[in-house]
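# A structural walkthrough
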Amino acid sequence: RLRKWQERIRTKDAGERNLQFALSEIDRMASALGVPRSVREVASVIYRRALKEDLIRGRSIEGVATSALYAACRKEGIPRSLEEISEVSRVERKEIGRTYRYISQELGLEMRPVDPKKYVPRFCSELELSEEVQTKANEIIEKTAEKGLLSGKSPTGYAAAAIYAASLLCNEKKTQREVADVAQVTEVTIRNRYQEQIEAMGIHG
Amino acid sequence: MTDPKDTINIENVVASTGIGQELDLQSVAMDLEGADYDPEQFPGLVYRTQNPKSAALIFRSGKIVCTGAKSTDDVHESLRIVFDKLRELQIQVNEDPEIVVQNIVTSADLGRNLNLNAIAIGLGLENIEYEPEQFPGLVYRLDDPEVVALLFGSGKLVITGGKKPVDAEHAVDKIVSRLEDLGLLE
DNA sequence: GCTTTAAAAAGTAAGAT
DNA sequence: ATCTTACTTTCCAAAGC
């Protein structure tokens, strides 16, 4: 009886330590990403819910913590790509994506697809592009998405192409390489999305 | 307007069966030309048929999995070839072992581009999985025929998980009517 | 959970030319 | 810049770790 009691305390302590570890990891990654405190709070809530629903069984604490943070960024409207998230996590991109889809489904997070426009301010700021370019890029995304061009396309590549096109239109040209680097997509992807977008916008080639 | 059902094409059929006899895969691997057997990597021996094209996974227990066939008839034909090959090696094979189709993968075309964002909302975010950063297709699980459909922006789709060819037809009908009800087709 | 097999869809990526 | 190859997702059975 005494042994059982000690065991309970031991597992409770272990669980407590695991939770502390997960929360400190979320904090560490959130700091590295430079996201606001609200995102960390949402991520902790998601992690605690996953813990309560016993979704961590068979998965790493680090993987669930990273996925919770990825989901929280999206929920708060300041998404980070899986590529960006994986750079501050020790879990590989593929695993983060899988775990995210699992907890998202199980917790019924009902996540909406990422709007490429959400990436525009941050990417443009890193590229030191003006407000005018941002507005133009948003306009391109808005109009081409309405025509159905967004279906199945990666939000980062889509935003990158629109920013590249907008930088040309506003005479603040950035090279495909520069835009590709901040968005972490290839130049080929920017080229492909760019061609479709300017065609749909009826702009010159 | 072509009926999307007429665009259905079976791309792959997976079936399982058994010869009712234990096998020494090491010796089968030696005698069967073209057999790939690496027990360290996978417990099954891989044997490929050419006409019809398929890959058979043969296990020590005598159970066999056949995959890659383009029709249920092809699965039977492929396995008939496998059975005969084993008989040539003096291995006893039951008269005509029961062949169970486990999965059928089908492709189809709705003939119209799809707005996956709108479909994700329309079908209900809780019922679908759409993560274009990870994969371009929208994943839609159906209850009625118990299958999984992958919908693409082009209007093409993949239906998998079905056990009978008609499952895909029913799935396409359901998807078409759901999208029509939502006003997301045409 | 993983390992292997096959197949389609479309997007993205890497390496070679 | 374009081509080829390859990887992402869905499904399923098999035996064993």
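Residues numbered from 1 in each chain as written. Chains lettered and ligands numbered in written order. Predicted model: local features only at pLDDT ≥ 70, side-chain atom pairs only at ≥ 80, totals over all residues. Heavy atoms only, no water.

In plain terms, the rule: UniProt positions are given in the numbering used here, feature names are shortened, and annotations may be inferred rather than shown by experiment.
Identification of chain B as TATA-box-binding protein from Natronosalvus hydrolyticus is taken from an unreviewed UniProt entry. Annotation of chain B in UniProt includes, under Function (unreviewed entry), the sentence "General factor that plays a role in the activation of archaeal genes transcribed by RNA polymerase. Binds specifically to the TATA box promoter element which lies close to the position of transcription initiation." According to the UniProt record, the Sequence similarities (unreviewed entry) comment for chain B reads "Belongs to the TBP family."

## Quick notes on the packing of helix α9 (residues 176-183) of chain A against helix α10 (residues 187-201) of chain A
Residues and elements named next belong to chain A. Threshold: Comment: axis = line fitted to C-alpha atoms, over the contacting stretch for helices; angle = value between 0 and 180 degrees taken between N-to-C directions. Segments assigned H or I by DSSP are reported as helices when at least four residues long, segments assigned E as strands when at least two residues long, and all are numbered from the N terminus. Angles below 35 degrees are treated as roughly parallel, those above 145 as roughly antiparallel, those between 65 and 115 as roughly perpendicular, and all remaining angles as oblique. Note on contacts: a residue pair qualifies if any of its non-hydrogen atoms lie within 4.5 Å across the two residues. In the scheme used here, Gly and all other residues not listed as nonpolar or charged are polar, with Ala, Val, Leu, Ile, Met, Phe, Trp, Tyr, Cys and Pro taken as nonpolar and Asp, Glu, Lys and Arg as charged.
The N-to-C vectors of α9 and α10 enclose an angle of 105 degrees; their axes lie 9 Å apart at closest approach. Between α9 and α10, the angle falls in the class roughly perpendicular. For the pair α9 and α10, the contacting residues are Gln176, Arg177, Val179 and Ala180 in the first and Glu187, Ile190 and Arg191 in the second. Across the contact of α9 with α10, the residue classes tally to three nonpolar, one polar and three charged.

## A closer look at the packing of aromatic side chains
Rules: A pair of aromatic rings is counted whenever rings of Phe, Tyr or Trp (Trp by its six-membered ring) have centres within 6.5 Å, and the orientation is called stacked for planes under 30 degrees apart, edge-to-face for over 60 and tilted otherwise. Each residue is assigned to one of three classes by its accessible area relative to the maximum for its type, calculated with a 1.4 Å probe on protein chains only: buried under 20%, partly exposed between the two thresholds, exposed over 50%. Any Lys NZ or Arg CZ that is within 6 Å of a ring centre and within 35 degrees of that ring's normal is treated as a charge sitting over the ring.
Overall, the coordinates contain five aromatic pairs over all chains when judged by the stated rule. For the pair Tyr119 of chain A and Phe123 of chain A, a centre-to-centre distance of 5.3 Å together with 10 degrees between the ring planes defines the contact as stacked. Like Phe123 of chain A, Tyr119 of chain A is buried. An angle of 70 degrees between the planes, with centres 5.9 Å apart, marks the rings of Phe135 of chain B and Phe152 of chain B as edge-to-face. In this pair, Phe135 of chain B sits in the loop between β6 (128-129) and β7 (138-141) while Phe152 of chain B sits in the loop between β8 (148-151) and β9 (156-162), placing the two residues 17 residues apart along the sequence. Among the residues examined, Phe135 of chain B registers a relative accessible area of 39% and is labelled partly exposed. A cation sits over an aromatic face here: Arg59 of chain A above Tyr102 of chain A, 3.7 Å from the ring centre.

## Comments concerning the layout of surface pockets
If a probe as big as a water molecule is rolled over the atoms, it shows which places are left empty. The test is simple: Here the term cavity refers to a set of points on a 1 Å grid, laid over the protein atoms alone, in which a 1.4 Å probe fits but cannot get out; the term pocket refers to an open set having protein on both sides within 12 Å along at least five of seven lines, with lining residues being those that place an atom within 4 Å of a point. Grid points are joined across faces, edges and corners, and a volume is the space filled by probe spheres set on the points.
Looking at the largest pocket, its volume works out to about 520 Å³. For the largest pocket, the lining is made up of 25 residues, of which Arg112, Pro113, Val114 and Asp115 of chain A together with Asn117 of chain B are closest to its centre. Sorting the residues of the lining of the largest pocket by element identifies α3 (61-75) and α7 (131-146) of chain A together with α3 (116-123) of chain B as the ones contributing at least two each. A per-class count over the lining of the largest pocket returns 12 nonpolar, five polar and eight charged.

## As for the protein's contact with DNA strand D
To be explicit about the condition: If a single non-hydrogen atom of a residue is within 4 Å of a molecule or strand, that residue counts as near it. Pairs of N or O atoms are called polar contacts if they sit within 3.5 Å, as long as, within protein, a hydrogen donor faces a hydrogen acceptor (for residues adjacent in sequence, only side-chain-to-side-chain pairs).
Neighbouring residues of DNA strand D: 22 residues in total, closest Lys94 of chain A together with Arg60, Ser61, Asn103 and Arg141 of chain B. When the atoms of DNA strand D within 4 Å of the protein are sorted by group, sugar and phosphate make up 66%. Within the side chain of Arg60 of chain B, one N or O atom sits 2.4 Å away from a phosphate oxygen of DNA strand D. Side-chain polar atom of Arg141 of chain B to a phosphate oxygen of DNA strand D: 2.5 Å apart, as the coordinates give it. Elements with a contribution of two residues or more to the surface near DNA strand D: α5 (93-106) of chain A together with β4 (63-69), β5 (100-109), β8 and β9 of chain B. The residue makeup of the surface near DNA strand D, split by class, is 10 nonpolar, five polar and seven charged.

## Some thoughts on the environment of Glu131 of chain A
One can find Glu131 of chain A in helix α7. Taking the C-alpha atoms as reference points, Glu131 of chain A and Pro121 of chain A, 10 residues apart in sequence, are found 8.6 Å from one another.

## Re the protein's contact with DNA strand C
Neighbouring DNA strand C are 29 residues; Thr189 and Arg193 of chain A together with Arg48, Thr67 and Ser154 of chain B lie closest to it. Here a phosphate oxygen of DNA strand C sits 2.6 Å away from a polar atom, N or O, in the side chain of Arg193 of chain A. Between DNA strand C and Arg48 of chain B, the relevant distance is 2.3 Å, taken from a phosphate oxygen to a side-chain nitrogen or oxygen of the residue. Residue assignment for the surface near DNA strand C shows that the elements contributing at least two residues are α10 of chain A together with β1 (9-18), β3 (54-58), β4 and β9 of chain B. Top element by residues in the surface near DNA strand C is β1 of chain B. It accounts for three residues. Across the surface near DNA strand C, the residue classes break down as 11 nonpolar, 10 polar and eight charged.

## Thoughts on α3 of chain B
Residues and elements named next belong to chain B. The criterion, for reference: Arc definition: it is the arc formed by the directions from the helix axis to the C-beta atoms.
Of the positions making up α3, those classed as buried are Leu116, Ile119, Ala120 and Leu123. The buried residues of α3 occupy one face: seen down the axis, they fall within an arc of 105 degrees. In this structure, the buried side of α3 is in contact with β6, β7, β8 and α4 (165-181). If you check the start of α3, you find a side-chain oxygen 3.1 Å away from the backbone N of Asn117, and it comes from Asn115.

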